[in-house]
Amino acid sequence: MQRTKLGISVGLLGAAICFSGLFGGYLLTGVLVGYVLLFEENIWLRKTAIKTLALMMGFSLASSVIGLFPSLIHIVDNIFMMFGGYFTPAFAINFFAAVETCLDMVKTILLLMMGVKAITQGTVAIPMIDNLINKHMGN
């Protein structure tokens, strides 16, 4: 079992990074990813760290884009209200809220699966992110 410079196994640190993405947010995950990129040599650990951060950023980006649609609906509603009208399609607002909830659930499931697999230095295949990491980091 390969060890990190911290003295813990590579798999355990990989799992900690995945779980920090789920429970700790960007600050903790960023610190752990930064540590790995600066001080650790293990390629699997480096790719897992970057994959976790890329996954978090991808889901944040998707959530932000989806969140624009209800905001747009509220802008139109406010314009209608200035002229005494009313425009609030509740179905559309509820639909986008449901999509955001589904995205959050998928992110949670992926990070949990990645964390559990990381303990044995396994990985969860996410082709879009894996291809991006392989392109920019090398194999």
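Conventions used here
- All residue numbers here refer to positions counted from 1 along the written sequence of the relevant chain.
- Under the rules for a predicted model, residues below a pLDDT of 70 receive no local features and side-chain atom pairs below 80 are neither given nor counted, while totals for whole chains, interfaces and linings still include all residues.
- The basis for every side-chain value is the complete set of heavy atoms in the structure, and neither hydrogens nor water enter the calculation.
- Each helix is a run of DSSP H or I of at least 4 residues and each strand a run of E of at least 2, with the numbering of both proceeding from the N terminus.
- What the globule rule says is 2.2 Å times the number of residues to the power 0.38, and the radius of gyration is computed from C-alpha atoms.
- Buried means the residue's accessible area, taken with a 1.4 Å probe over protein chains only, is under 20% of the maximum for its type, while exposed means over 50%, and partly exposed covers the values in between.
- Contacts are assigned to residue pairs with any non-hydrogen atoms lying within 4.5 Å of each other.
- Note on areas: Shrake-Rupley, 1.4 Å probe, and residue coverage restricted to the protein chains presented here.
- Counted as positive: Lys and Arg. Counted as negative: Asp and Glu, with His and the chain ends omitted from the count.
- Throughout, a charge is located at the NZ atom of Lys, the CZ atom of Arg, the CG atom of Asp or the CD atom of Glu.
- The working definition used for a salt bridge is a side-chain nitrogen of Lys or Arg within 4 Å of a carboxyl oxygen of Asp or Glu.
- Working definition: a ring pair exists when centres of Phe, Tyr or Trp rings (six-membered ring for Trp) sit within 6.5 Å. Plane angles under 30 degrees give stacked, over 60 give edge-to-face, the rest tilted.
- Note on terminology: a nonpolar core comprises buried Ala, Val, Leu, Ile, Met, Phe, Trp, Tyr and Cys residues joined through side-chain atoms within 4.5 Å.
- The length a helix should cover is 1.5 Å for every residue beyond the first.

Chemist: Report on the overall build of the protein, specifying residues and quantitative values.
Modeler: In terms of regular secondary structure, the protein is built from five helices and zero strands. The globule rule puts the C-alpha radius of gyration for 139 residues at 14 Å, and the 20 Å found for the protein is more than 25% above it. Along the three orthogonal principal directions, the C-alpha set of the protein runs to about 70 × 25 × 25 Å. Taking all 139 residues of the protein together, 33% fall into the buried category. Across the protein, the fraction of contacts at a sequence separation of at least 24, relative to all contacts at a separation of at least 6, is 66%. Accessible surface, the protein as shown: approximately 8500 Å² in total, 73% of it carbon and sulfur. Positive and negative charge centroids in the protein, built from 8 and 6 side chains respectively, lie 14 Å apart.

Chemist: Requested: an account of the pattern of salt bridges, with residues and values cited.
Modeler: If you walk through the whole model with that rule in mind, you get one salt bridge. K51 is the salt-bridge partner of D130, the closest N and O atoms lying 2.9 Å from each other. Here the residue D130 occupies a position in helix α5 (residues 127-137), and K51 occupies one in helix α3 (residues 43-82), the gap between them amounting to 79 residues. K51 shares its class with D130; the two are buried.

Chemist: Could you give me a rundown of unusual backbone geometry, with the residues and numbers involved?
Modeler: Even without being glycine, Q121 reaches a positive phi, approximately 60°. If you trace the backbone, Q121 turns up in the loop between α4 (90-118) and α5. The exposure class of Q121 is partly exposed, given its relative accessible area of 33%.

Chemist: Give a detailed account of the packing of aromatic side chains, specifying residues and quantitative values.
Modeler: In this structure the tally under the stated criterion is five aromatic pairs. A centroid spacing of 5.5 Å and a plane angle of 35° characterise the contact between Y35 and F39, whose relative ring orientation is tilted. Of this pair, Y35 and F39 both sit in helix α2 (residues 25-39), separated by four residues, roughly a single helical turn. Residue classification places F39 among the partly exposed positions, given a relative accessible area of 44%. On the basis of an interplanar angle of 20° and a centroid distance of 6.4 Å, the ring pair of F91 and F95 is categorised as stacked. Of this pair, F91 and F95 both sit in helix α4, separated by four residues, roughly a single helical turn. Judged by its relative accessible area of 68%, F91 is exposed. F95 gets classed as partly exposed once you look at its relative accessible area, which sits at 43%. Every member of this aromatic cluster is reached through a ring pair, and the members are F69, F91, F95 and F96.

Chemist: Account for the nonpolar core, naming residues and giving values.
Modeler: Within the largest apolar cluster, 24 residues are counted, with the highest numbers of intra-cluster contacts made by L13, I17, V36, L45, L55, M114 and I126. Within the residue set of this core, elements represented by two or more residues are α1 (10-23), α2, α3, α4 and α5. For I126, the residues in contact, after removing those within four places along its chain, are K51, L55, L110 and M114.

Chemist: Tell me about α1, residues and numbers included.
Modeler: In a regular helix each residue adds 1.5 Å, so 14 residues correspond to 20 Å; α1 covers 20 Å between its end C-alpha atoms and thus fits that length. Among the 14 residues in α1, 10 count as buried, and that is most of the element. Listed in full, the buried residues belonging to α1 are V10, G11, L13, G14, A15, I17, C18, S20, G21 and L22. Considering only its buried residues, α1 is in contact with α2, α3 and α4.

Purely geometric stuff here, so don't read any function into it on its own.
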